[in-house]
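Structural overview for review
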Amino acid sequence: MTEVLVYDDAKISFTVSEIEQSLRSMQNVKNVRKSPDVIAAVEGVREQDGGMAIIRLISNRNMISLQGDLESVAQSTFELNKLLKKKLRVIDEGYNFDFVIGDSLTADQLRIAIAEFGE
């Protein structure tokens, strides 16, 4: 299982509505809901090509957690970046890497970094 965290480079909190709207706009995302869980404010599950990623806005609204198989997490991270139209950063849970999404980082480079450090 792979997990990465995404946050806004400008250190601005996300809103529940913007994340909920982004999740509903992503292809193959189901079960988008405001979470009764203390840890997540809103969450959804993206199933694609036999893989899955659980996407959660952490309750403090400063980070988004993506958890699932490597390919689904990498694809979902880049899709979320396109939808939010913000300068986002991605880190692994061990803080082994911290990248700006989209500058020069490709999906393949993110997959390699996650495979090397994040699993």
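One structure accompanies this document, and this report is about it. (Residues numbered from 1 in each chain as written. Predicted model: local features only at pLDDT ≥ 70, side-chain atom pairs only at ≥ 80, totals over all residues. Heavy atoms only, no water.)

A closer look at the pattern of salt bridges
Going through the model one piece at a time under the given rule, you end up with ten salt bridges. The closest approach of N and O atoms between D9 and R89, which form a salt bridge, is 3.2 Å. Note that D9 is positioned in the loop between β1 (2–8) and α1 (16–25) and R89 in strand β6 (residues 88–92), a separation of 80 residues in sequence. Its relative accessible area of 28% is what places D9 among the partly exposed residues. Classification of R89 as buried rests on a relative accessible area of 17%. A salt bridge links R24 to E20; its shortest N-O distance comes to 3.2 Å. (Salt bridge = Lys/Arg side-chain N within 4 Å of Asp/Glu carboxyl O. Helix = DSSP H or I, 4+ residues; strand = E, 2+ residues; numbered from the N terminus. Buried < 20%, exposed > 50% of the residue type's maximum accessible area, 1.4 Å probe, protein only.)

Quick word on the nonpolar core
Residues I19, L57, I64 and L110 are the most contacted members of the largest nonpolar core, which totals 29 residues. The greatest single-element share of this core, amounting to five residues, is contributed by helix α2 (residues 70–84). I64 has contacts with V4, L5, V6, F14, I19, I55, R56, L57, L80 and L84, leaving out every residue within four places of it along the chain. (Core = buried A, V, L, I, M, F, W, Y, C linked by side-chain atoms within 4.5 Å. Contact = heavy atoms within 4.5 Å.)

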